[in-house]
Amino acid sequence: MNRRLFLKSGMAGLGMLVLPSLAATNSNASLGHVVIIGAGFGGATAARYLRMWSEGRIKVTLIELRPEFISCPVSNRILAGAADINTITHSYKTLRDLYGVSVIKGQASRIDPERKEVHVNEERIGYDRLIVATGIDFDYSRLPMLNAEIQATHIPHAWKAGPQTLLLKGQLRTLPDGGIVGITIPQVPYRCPPGPYERACQIAFYLKQHNPRAKLLVFDGNPAITSKRPLFERAWHELYPNIVEYLPSSGIENLDTTSLGLATTFGNYKLDVLNLIPPQTAGRLTLETGLASDARPWCDVNFLNYASGKIPGIHLLGDAVDAMTPKSAHIATSQAKVCASAIIAELAGEAVDPAPVFANTCYSFVDDKQAVHVANVYRYDAKDHDMRPAPGGGISAISSIVEGIHADIWAANIWADVLG
Amino acid sequence: MEANTHTRTLASSCLICHGNGTVQHAAIPGLAALDEAYFIKKMQIFRNSADEHAVMVQHAKGLSEEEIQQLAKYFSEQRRACPVAKKKSFREMNQAE
């Protein structure tokens, strides 16, 4: 193995191809052991960058229940038939084999912050630092008629890509001629602000080709479209005028889960397919461990290193973080890089960047080829101790095929950046 | 270890669109090994552009002059990866050396 070559490329490289000497932990200069729960965009990025930027001096254990990575970005396109499940499914093999991350398949059941241990598969794993990147869970407290089982079989949220994405796709394919589809959107904050509106476009695109007399009712718990508003309004108006009906400020009052009779703030509807996206919280394990903010089901952190505001030795990443930034995949990866950099510096006794800055972009497809974006640089604000949008950010002027091409490149590159 | 972690983190957030240089997409060119002066010039053009809806204009306007200079230096010092080698064969090349 050629250490010199690795050093040269590893030092210069952000996303180097191959770091052979990372495959084995370099134990003579070990800085410590970081355990990461959750291998989504935040957790997997943290694993890869901890190994890469510490040049193998940090041992990384990554705990994940799913055997493979399934991307929420691009998953809406499966509904239109423009992508399939293989497109968004990716292996952890490179992280394991080339980056020397120890990947454990299992569900972390408990965190013991006193002993600095995680319980998984009847085992206890000790850590120097713990990163919790377990994403979101669903809050059924105000939807007592609903539960995870009904969502998995009958009324999908499809808000974690995978089997429910395919369930919803199948339901659309067997929709009666001229049938009615409903999407319900929870109040902010929720994962992926533009996601529900992109989904409306993808479902409408499918209906327009295959069931043009069908209707799509978008019941939004918010008073208006929460992201890229003029672009989605225009897409619905120009591309799907007889299909999409947008109903703002529509809270769910009641739901018959058998007949799909839905009562909202404004009326009663009988649906043939219902995609119900429930209100969300930080993952259950974070709540059970006591990592949530005092009055909110999201976790407050120090934005310089993503350390929990509640329990020392634990860091949080991704959608669970209580932040001004949107709950996007790109943000989760950037948080992971700030966190990885800070953990390495802290364990090595070096200075942590006092004012991190990163770029964020999110693309949405309005049909099978055209996309739109929202982009912003986010900058640490030392006064508010938060990440704030820098001037200059914004959205596309119009949807375009060029941005559809950019969106495809974005997807390929973010998957490669996260998983190596 | 990398001296300037600020620039390193910021630069890595650009890779989500620009990629790490292993695959080149003409529509969003790779940044590794880009000439420093050219990089700065392009960023100035983006910053001064009136096309406020263009994605790169939006990013460039959010950065400071100093960050642009540091990014230019940082990317110019990177090696551009071998575009044809697949992961596995590149690894074998490394080990064979």
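Per chain, residue numbering runs from 1 following the sequence as it is written. Written order decides the labels, with chains lettered from A and ligands numbered from 1. Local features are withheld for residues below a pLDDT of 70 in this predicted model, meaning they are given only at 70 or higher, and side-chain atom pairs are given and counted only at 80 or more; totals for whole chains, interfaces and linings count all residues. Hydrogens are left out, water is left out, and the side-chain values use all remaining heavy atoms of the structure.

## Concerning the overall build of chain B
Phase 1: What counts as a helix is a DSSP run of H or I of at least four residues, what counts as a strand is a run of E of at least two, and both are numbered from the N terminus. Along the backbone of chain B there are five helices and zero strands.
Phase 2: Its helices and strands taken in sequence order, chain B reads α-α-α-α-α from the N to the C terminus.
Phase 3: Taking contacts inside chain B between residues at least 6 apart in sequence as the whole, the part at least 24 apart equals 60%.
Phase 4: With an accessible surface of roughly 5000 Å², chain B has 57% of that area assigned to carbon and sulfur atoms. Any two residues having at least one pair of non-hydrogen atoms within 4.5 Å are treated as being in contact. Only the protein chains shown count as cover for residues, and the accessible areas themselves come from Shrake-Rupley with a 1.4 Å probe.

## Things to note about helix H6 (residues 163–173) of chain A
Phase 1: Remark: exposure states derive from per-residue accessible area (1.4 Å probe, protein chains only) relative to the maximum for the residue type, with buried under 20%, exposed over 50%, and partly exposed in between. Considered for burial, the residues of H6(A) that qualify are A:Gln164, A:Thr165, A:Leu168, A:Gln171 and A:Leu172. Each buried residue of H6(A) sits inside an arc of 125° when the element is viewed along its axis, so together they form one side. Relevant arc is that of directions from the helix axis to the C-beta atoms, nothing else.

## Digging into the packing of aromatic side chains
Residue and element names in this part refer to chain A.
Phase 1: Whether two aromatic rings pair depends on their centres lying within 6.5 Å, for rings of Phe, Tyr and Trp, where Trp uses its six-membered ring; planes under 30 degrees apart make the pair stacked, over 60 edge-to-face, and the rest tilted. Applying the stated criterion to the full structure yields eleven aromatic pairs over all chains.
Phase 2: Residues Phe69 and Tyr92 carry aromatic rings whose centres are separated by 6.4 Å and whose planes lie at 90° to one another, so their mutual orientation is edge-to-face. Of the two residues, Phe69 sits in strand E3 (residues 69–70) while Tyr92 sits in the loop between strand E4 (89–90) and helix H4 (93–97), which places them 23 residues apart along the sequence.
Phase 3: Exposure remark for Phe69: the relative accessible area of 2% places this residue in the buried category.
Phase 4: The buried category is assigned to Tyr92, whose relative accessible area is 5%.
Phase 5: Pairing Tyr197 with Trp236 gives two aromatic rings, centres 6.3 Å apart and planes at 50°, and the pair type is tilted.

## Regarding the nonpolar core
Residues and elements named next belong to chain A.
Phase 1: Residue types Ala, Val, Leu, Ile, Met, Phe, Trp, Tyr and Cys, when buried and joined through side-chain atoms within 4.5 Å, form a set referred to as a nonpolar core. With 151 residues, the main nonpolar core has Leu50 and Leu216 as its most contacted residues.
Phase 2: For the domain bounds, the source is a domain assignment made automatically or taken from a database. Both domains that furnish three or more residues to this core are identified here as domain 1 (2–137 + 281–353) and domain 2 (142–278).
Phase 3: In this view, Leu50 contacts Val34, Ile36, Ile58, Val60, Ile131, Ala340, Ile343 and Ile344; residues no more than four positions away in its chain are not counted.

## Focus on the side chain of B:Thr9
Phase 1: By the element assignment, B:Thr9 lies in helix H1 (residues 5–18).
Phase 2: Setting aside residues no more than four positions away along its own chain, B:Thr9 makes contact with A:Trp53, A:Lys337, A:Val338 and A:Ser341.

## Remarks on the sheet that holds strand E16 (residues 268–270) of chain A
Hydrogen bonds between backbone atoms are what pair the strands of a sheet, whose relative direction is either parallel or antiparallel.
Residue and element names in this part refer to chain A.
Phase 1: A strand pair is defined by DSSP finding two or more bridges across the two strands. Ordered by their spatial adjacency, three strands build an open sheet running E14-E15-E16, and the pairing between neighbours is antiparallel. Each edge of the open sheet carries a strand with a single partner, namely strand E14 (252–256) and E16. With strand direction ignored, the average angle separating the axes of adjacent strands in the sheet is 15°.
Phase 2: Taken together, the three bridges between strand E15 (residues 261–264) and E16 define a ladder with antiparallel strand orientation. Following the sheet pairing, Ala263 is matched in E16 by Asn268. To define axes, lines are fitted to C-alpha atoms, for helices over the stretch in contact only, and angles between the resulting N-to-C directions are given on a 0 to 180 degree scale.

## Some thoughts on the domain arrangement of chain A
All names here are of chain A.
Phase 1: Splitting chain A by domain gives domain 1 (2–137 + 281–353) and domain 2 (142–278).
Phase 2: Taken over C-alpha atoms, the centre of domain 1 sits 32 Å from the centre of domain 2.
Phase 3: On the side of domain 2, 22 residues touch domain 1, which itself brings 21 residues to the contact.
Phase 4: Where domain 1 abuts domain 2, roughly 1800 Å² becomes buried across the two surfaces, and 61% of that area is made up of carbon and sulfur atoms. A simple way to read buried area is as the amount of 1.4 Å-probe accessible surface that goes missing from two parts once joined, with both sides added.

## Details of unusual backbone geometry
For residues that are not glycine, phi is negative in most cases, and the peptide bond is trans in most cases.
Phase 1: The amide bond that connects A:Val188 to the next residue, A:Pro189, takes the cis arrangement and shows omega of 0°.
Phase 2: Of note, A:Pro189 is situated in the loop between strand E11 (180–185) and helix H7 (195–210).
Phase 3: The residue A:Asn121 is not glycine, and still its phi comes out positive at about 50°.
Phase 4: Along the polypeptide, A:Asn121 turns up in the loop between strand E7 (117–120) and strand E8 (123–126).
Phase 5: Located in the positive-phi region is B:Ala33, a residue other than glycine, with phi close to 70°.
Phase 6: With respect to the helices and strands, B:Ala33 occurs in the loop between H1 and helix H2 (36–48).
Phase 7: Taking the relative accessible area as the measure of exposure, B:Ala33 reaches 38% and is therefore partly exposed.

## Some points on the pattern of salt bridges
Residue and element names in this part refer to chain A.
Phase 1: Criterion for a salt bridge: a side-chain nitrogen of Lys or Arg within 4 Å of a carboxyl oxygen of Asp or Glu. Applying the stated criterion across every chain, the model contains 23 salt bridges over all chains.
Phase 2: As a salt-bridge pair, Lys160 and Asp137 come within 3.9 Å of each other at their nearest N and O atoms. One end of the pair, Lys160, is in the loop between helix H5 (148–153) and H6; the other, Asp137, is in strand E10 (residues 136–138), and 23 residues separate them in sequence.
Phase 3: Lys160 gets classed as partly exposed once you look at its relative accessible area, which sits at 27%.
Phase 4: Among the salt bridges present, the one from Asp319 reaches Arg191, with a minimum N-O distance of 2.5 Å. In this pair, Asp319 sits in the loop between strand E21 (314–316) and helix H10 (329–348) while Arg191 sits in the loop between E11 and H7, placing the two residues 128 residues apart along the sequence.

## Focus on the packing of H2(B) against helix H4 (residues 65–76) of chain B
Residue and element names in this part refer to chain B.
Phase 1: Where H2 meets H4, the axes come as close as 8 Å, and the angle between the chain directions of the two elements is 145°. In the crossing of H2 with H4, the sense of the turn from one axis to the other is right-handed. Every residue of H4 that contacts H2 at Glu36, Phe39, Ile40, Met43, Gln44 and Arg47 is listed here: Glu65, Ile68, Gln69, Leu71, Ala72, Lys73, Phe75 and Ser76. Handedness of a crossing is defined here by the sense of rotation of the near helix relative to the far one, left-handed for an anticlockwise turn of less than a right angle and right-handed for a clockwise turn.

## Overview of the sheet that holds strand E17 (residues 273–276) of chain A
All names here are of chain A.
Phase 1: Reading across from one edge, E13-E12-E11-E17 is the order of the four strands in this open sheet, with parallel pairing throughout. Each edge of the open sheet is held by one strand with a lone partner, namely strand E13 (244–247) and E17. Recorded for the sheet is a direction-independent mean angle of 15° between the axes of neighbouring strands.
Phase 2: Both E11 and strand E12 (residues 215–220) contribute to a ladder of six bridges, which runs parallel. The residue bridging Gly182 from the neighbouring strand is Leu217, located in E12.

## Re the environment of A:Leu95
Residues and elements named next belong to chain A.
Phase 1: Inspection of the secondary structure assignment puts Leu95 in helix H4.
Phase 2: Separated by 148 residues in sequence, Leu95 and Ile243 have C-alpha atoms that sit 44 Å apart.
Phase 3: Every residue in contact with Leu95, bar those within four places of it in the chain, is listed here: Ala44, Arg48, Leu62, Gly100, Val101, Val418 and Leu419.

## A closer look at H1(B)
Residues and elements named next belong to chain B.
Phase 1: The span expected for a helix works out to 1.5 Å for each residue beyond the first. With 14 residues, H1 should cover 20 Å at 1.5 Å per step; its first-to-last C-alpha distance of 19 Å lies within 8% of that length.
Phase 2: Along H1, 14 of the 14 residues are buried, which leaves the element largely enclosed by surrounding structure.
Phase 3: By the N-cap criterion, in which a side-chain oxygen at the helix start approaches the backbone nitrogen of a residue two or three places on, H1 is capped by Asn4, the distance to His6 being 3.1 Å.
Phase 4: Remark: Gly19 follows H1 within two positions and exhibits a positive phi of approximately 75°. Here a polar contact is recorded for every N or O atom pair within 3.5 Å, except that within protein the pair must consist of a potential hydrogen donor and a potential acceptor, and residues adjacent in sequence are included only if both atoms are side-chain atoms.

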